[in-house]
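# Topology and contacts: notes
Chain by chain, the residues:
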Amino acid sequence: MVKGTRKTRACRKKFQYNENRKRKFRKSKKLPAVGCEQIKHAWNKSKGVAANLREMGLSNNPNDVIPIPKFKHELDPSTIDGVDLIKEAQNERLANKTTTAPGKLYVMTELEKEANTPQINRQKLSEPEIRFATYMLETYGDNYKVNHGDLHTYIQ
């Protein structure tokens, strides 16, 4: 049997005149915006994400750095004569990996320094609400029945 011509016409690719393909291509090649200033300054455009982060001493995948312990290993660690075979295998894997010191350690130290700086305590409540709550706690404490009769609790 012959195919219907309407079906083939509908499936045909159509040229989209309203798209600027040059702009789309440039946008696809543009690097993503990095919010962190330390990483932005140390970023090497010729390298990939994993290579850049490894050079800075950061991790691309936190699961590789800190493995999650399996519950079955905790239940039945395959120990022979007091030697844990699983831990030995992990130690061998770590020893086989060639670890090189990252070249841009200053990025990691700057990020740690920024993370350790004390943050401004931002309250979740407004200033009048905080004053009202402290007043009620100072005058009545945990006695909510007497607290209910106060004139300031008109909200209830």
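Predicted model only: the values in this text are computed from it and were never measured.

## Brief notes about the overall build of the protein chain
If you tally the helices and strands in the protein chain, you get 10 helices and 2 strands. If you list the helices and strands of the protein chain from N to C, you get α-α-α-α-α-α-β-β-α-α-α-α. Expressed as a percentage of its 156 residues, the buried residues of the protein chain come to 9%. Residue pairs at least 24 apart in sequence account for 38% of intrachain contacts in the protein chain once pairs closer than 6 positions are excluded. Of the roughly 14,900 Å² of accessible surface on the protein chain, a fraction of 56% belongs to carbon and sulfur atoms.

## Overview of the pattern of salt bridges
Enumeration over the complete set of coordinates arrives at 4 salt bridges. When the shortest N-O distance is used, the salt bridge between Glu19 and Lys24 registers 3.0 Å. You can call Glu19 partly exposed: its relative accessible area is 28%. Residue Lys24 is classed as partly exposed on the basis of its relative accessible area, which comes to 48%. Through salt bridges with shared partners, a single network forms among Lys47, Glu55 and Lys104.

## Concerning the environment of Leu53
Tracing the chain through its elements places Leu53 in helix α4 (residues 49–56). Along the backbone, Leu53 and Pro102 are 49 residues apart, and their C-alpha atoms lie at a distance of 9.2 Å.

## Overview of the confidence of the model for the protein chain
Considering every residue of the protein chain, the mean pLDDT works out to 79; 76% of them sit at 70 or more. Per-element confidence in the protein chain ranges from a low mean pLDDT of 52 for strand β1 (residues 79–80) to a high of 92 for helix α2 (residues 21–29).

## Observations concerning a positive patch on the surface
A cluster of like positive charges, contributed by Lys22, Arg23, Arg26, Lys27 and Lys30, occupies part of the molecular surface. In this structure, Lys22 sits in helix α2.

## Some thoughts on the packing of aromatic side chains
How two aromatic rings sit relative to each other is given by the distance of their centres and the angle of their planes. For the structure on display, the rule yields 1 aromatic pair. A centroid spacing of 4.8 Å and a plane angle of 70° characterise the contact between Phe15 and Tyr17, whose relative ring orientation is edge-to-face. For the pair shown, Phe15 and Tyr17 are each scored as exposed.

## Remarks on α2
Burial runs low along α2: only 0 of the 9 residues are buried. Where α2 begins, one side-chain oxygen reaches toward the backbone nitrogen of Lys22, 3.3 Å away; that side chain belongs to Asn20.

Definitions and limits used
- Residues numbered from 1 in each chain as written.
- Predicted model: local features only at pLDDT ≥ 70, side-chain atom pairs only at ≥ 80, totals over all residues.
- Heavy atoms only, no water.
- Helix = DSSP H or I, 4+ residues; strand = E, 2+ residues; numbered from the N terminus.
- Buried < 20%, exposed > 50% of the residue type's maximum accessible area, 1.4 Å probe, protein only.
- Contact = heavy atoms within 4.5 Å.
- Areas by Shrake-Rupley, 256 points an atom, 1.4 Å probe, with all protein chains shown as cover.
- Salt bridge = Lys/Arg side-chain N within 4 Å of Asp/Glu carboxyl O.
- pLDDT = per-residue confidence, 0-100.
- Patch = residues over 30% accessible without salt bridge, like charges linked within 9 Å, V, L, I, M, F, W, Y side chains within 5 Å.
- Lys, Arg positive; Asp, Glu negative; His and termini not counted.
- Charge placed at Lys NZ, Arg CZ, Asp CG, Glu CD.
- Phe/Tyr/Trp six-rings, centres within 6.5 Å; stacked < 30°, edge-to-face > 60°.
- Polar contact = N/O pair within 3.5 Å; in protein donor to acceptor, adjacent residues only side chain to side chain.

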